[in-house]
Amino acid sequence: MSRPLTLITGGTRGIGAAIARRLASDGHDLVLGFTRDEGAAARTRAEMEDLGARCRVVRADVTTDAGIDTLFAAADPARLTGVVNNAGATLHIGPLVDTPVEVIRTVIDLNLTAAVLVARRAVSQLPEDGVLVNISSGAATTGSPGEYVHYAAAKAGVDALTKGLAIEAAARGIRVIGVAPGTIETDIHADAGDPGRPARVAAAHPLGRAGRPEEVAGVVAFALSPDASYAAGATIRVTGGR
Ligand code: NDP
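Every value quoted in this text rests on a predicted model; they were computed, and no experiment measured them.

What about the overall build of the protein chain?
- Within the protein chain, the secondary structure is distributed over 9 helices and 7 strands.
- Here the protein chain has a C-alpha radius of gyration of 17 Å; the compact-globule value for 242 residues is 18 Å, and the two agree.
- With the principal axes as the frame, the protein chain shows a C-alpha extent of 50 × 40 × 35 Å.
- Taken across its 242 residues, the protein chain has 48% of its residues classed as buried.

Put into structure tokens, the structure is as follows:
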């Protein structure tokens, strides 16, 4: 049997890179998208190859049609078995009224519009038995008041995407599953101007800590595996119970 081939948007840093690492260890080959950080892309590809995976890294901005085309063109259509819709950003922390309009548009464009368009492409390119995993957020449920209402609204859209598309894609034998992390230690917080967020969340968390990227990766690996064959349409929360 040939090795599974999984495409991950935003696959060279943070949670995406942890998913790549886990899947490479599980025997997947990979296509990983990135936009800015060429150094991280090169390091991640070398790491995947050390783990025995064939790995292509592709500069592909998923907020553009050309970026989505480029990314999917890098994945052999005869071999693609899974897609992880992971690229995302919050970009700003604070109440919605203080969040610049341009930031709101950019965040919704990346976290919702691009996610819908990547999902659309994924279900048209995946074979029967293929799996699409949409990375949502615990914020989709809480609304994240005072912090990221703009982002929470986009991620709530991703949850609806997972539910609706799971039913449409089921007719073609494709499974769509969501994974909703809580606060995970990645650069996303510093990039929003709030590097202290994981420590702050840890102090009030039932487990006394924020999550680690590999703790999300394990659940994504499960979602992609046949063990999750009847979990279509679900969004699995990985929030440490918070
Ligand atoms: P990071 O900031 O660490 O990584 C974001 C990734 O998205 C990078 O690989 C980045 O690529 C990529 N990316 C950003 N913009 C684009 C774009 N326009 N086109 C393609 N790729 C892009 O974030 P996380 O790893 O924390 O986040 C991963 C996912 O998990 C996101 O969907 C996020 O919303 C979600 N999430 C994260 C949580 C957390 O606490 N960390 C909590 C809940 C959900 P590049 O390296 O080129 O910049």
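Having seen the model, we can carry on.
Overview of the UniProt feature "domain: Ketoreductase" (unreviewed entry) in the protein chain
- UniProt tags residues 4-173 as "domain: Ketoreductase" (unreviewed entry).
- Taken end to end, residues 4-173 is 50% helix and 15% strand, and its two terminal C-alpha atoms sit 16 Å from one another.

Concerning the sheet that holds strand 3 (residues 55-59)
- Read across the sheet, 7 strands follow the order 3-2-1-4-5-6-7 without closing on themselves; strand pairing throughout is parallel. For this open sheet the edge positions go to strand 3 and strand 7 (235-238), each flanked by a neighbour on one side alone. Averaged over all neighbouring strand pairs, the angle between strand axes comes to 20°, with direction disregarded.
- Contacts from helix 9 (residues 213-224) reach strand 1 (5-8), strand 4 (80-85), strand 5 (131-135), strand 6 (175-181) and strand 7, with the element oriented near 165° to strand 6.

What about the environment of Leu96?
- Structurally, Leu96 can be placed in the loop between strand 4 and helix 4 (101-125).
- When the 16 C-beta atoms within 10 Å are taken as the criterion, Leu96 is described as partly exposed.
- For the pair Leu96 and Gly164, spaced 68 residues apart in sequence, the C-alpha separation works out to 28 Å.
- If we ignore the near neighbours within four places in the chain, the residues touching Leu96 are Val149 and His150.

Let's talk about the pairing of strand 2 (residues 29-34)
- Across the 6 residues that make up strand 2, a large majority, 6, are buried.
- Here strand 2 shows no split at all, with Asp29, Val31 and Gly33 on one side and Leu30, Leu32 and Phe34 on the other all buried.
- Each parallel crossover has a hand, and for strand 1 linked through helix 1 (residues 14-25) to strand 2 it is right-handed.
- Looking at chain direction, strand 2 and strand 3 are connected through 5 bridges and run parallel.

Description of the site of the ligand
- In the neighbourhood of the ligand, 30 residues make up the surrounding shell, with Gly10, Gly14, Ala87, Gly88 and Thr186 lying closest.
- Those elements giving two or more residues to the shell around the ligand turn out to be helix 1, strand 2 and helix 7 (188-191).
- Classifying every residue of the shell around the ligand by side-chain character gives 11 nonpolar, 13 polar and 6 charged.

Examining the pairing of strand 6
- For strand 6, the tally of buried residues reaches 7 of 7 residues, placing the bulk of the element in the interior.
- Residue alternation in strand 6 divides its side chains into two sets, Arg175, Ile177, Val179 and Pro181 and Val176, Gly178 and Ala180, and both sets are buried.
- Pairing of strand 5 with strand 6 involves 5 bridges; the strand directions are parallel. Each bridged residue has a counterpart across the sheet, and for Asn134 the counterpart in strand 6 is Gly178.

Some remarks on the environment of Val149
- Within the secondary structure, Val149 is located in helix 6 (residues 149-170).
- Note on Val149: 18 C-beta atoms within 10 Å, which makes it partly exposed.
- Excluding anything up to four places from it in sequence, Val149 contacts Leu96, Gly143 and Ser144.

A look at the nonpolar core
- Counting 73 residues, the largest nonpolar core has Leu30, Val133 and Val220 as its most contacted members.
- Among all residues touching Val133, those that are not within four sequence positions of it are Val84, Asn85, Ile177, Val179, Val220, Ala223 and Leu224.

Calculation notes
Going along each chain's sequence as written, the residues are numbered from 1 onward. Totals for whole chains, interfaces and linings use every residue, but because this is a predicted model, local features are given only for residues with pLDDT of at least 70 and side-chain atom pairs only at 80 or more, for both listing and counting. Where helices and strands are cited, they refer to DSSP runs of H or I of at least four residues and of E of at least two residues respectively, numbered from the N terminus. Atoms counted for the radius of gyration: C-alpha only. Globule rule: 2.2 Å times residue count to the power 0.38. The exposure scheme places C-beta atoms from the backbone and then counts, for each residue, the other C-beta atoms within 10 Å of its own, assigning buried at 20 or more, exposed at 12 or fewer, and partly exposed in between. UniProt positions are given in the numbering used here, feature names are shortened, and annotations may be inferred rather than shown by experiment. Each pair of strands is called paired provided DSSP finds at least two bridges between the two strands. Under this scheme, a helix contributes an axis fitted over its contacting stretch, all axes are lines through C-alpha atoms, and angles between N-to-C directions fall in the 0 to 180 degree range. Contacts are defined on C-beta atoms placed from the backbone: any two residues whose C-beta positions lie within 7 Å are in contact. By convention, orient the strands away from the viewer: a clockwise path from the first strand over the helix to the second makes the crossover right-handed. All residues are tested the same way: a C-beta atom is placed from the backbone, and lying within 6 Å of a molecule or strand makes the residue near it. Each residue gets one label: Ala, Val, Leu, Ile, Met, Phe, Trp, Tyr, Cys and Pro are nonpolar, Asp, Glu, Lys and Arg are charged, and the others, such as Gly, are polar. In these notes, a nonpolar core means any group of buried Ala, Val, Leu, Ile, Met, Phe, Trp, Tyr and Cys residues linked to one another through C-beta atoms within 7 Å.

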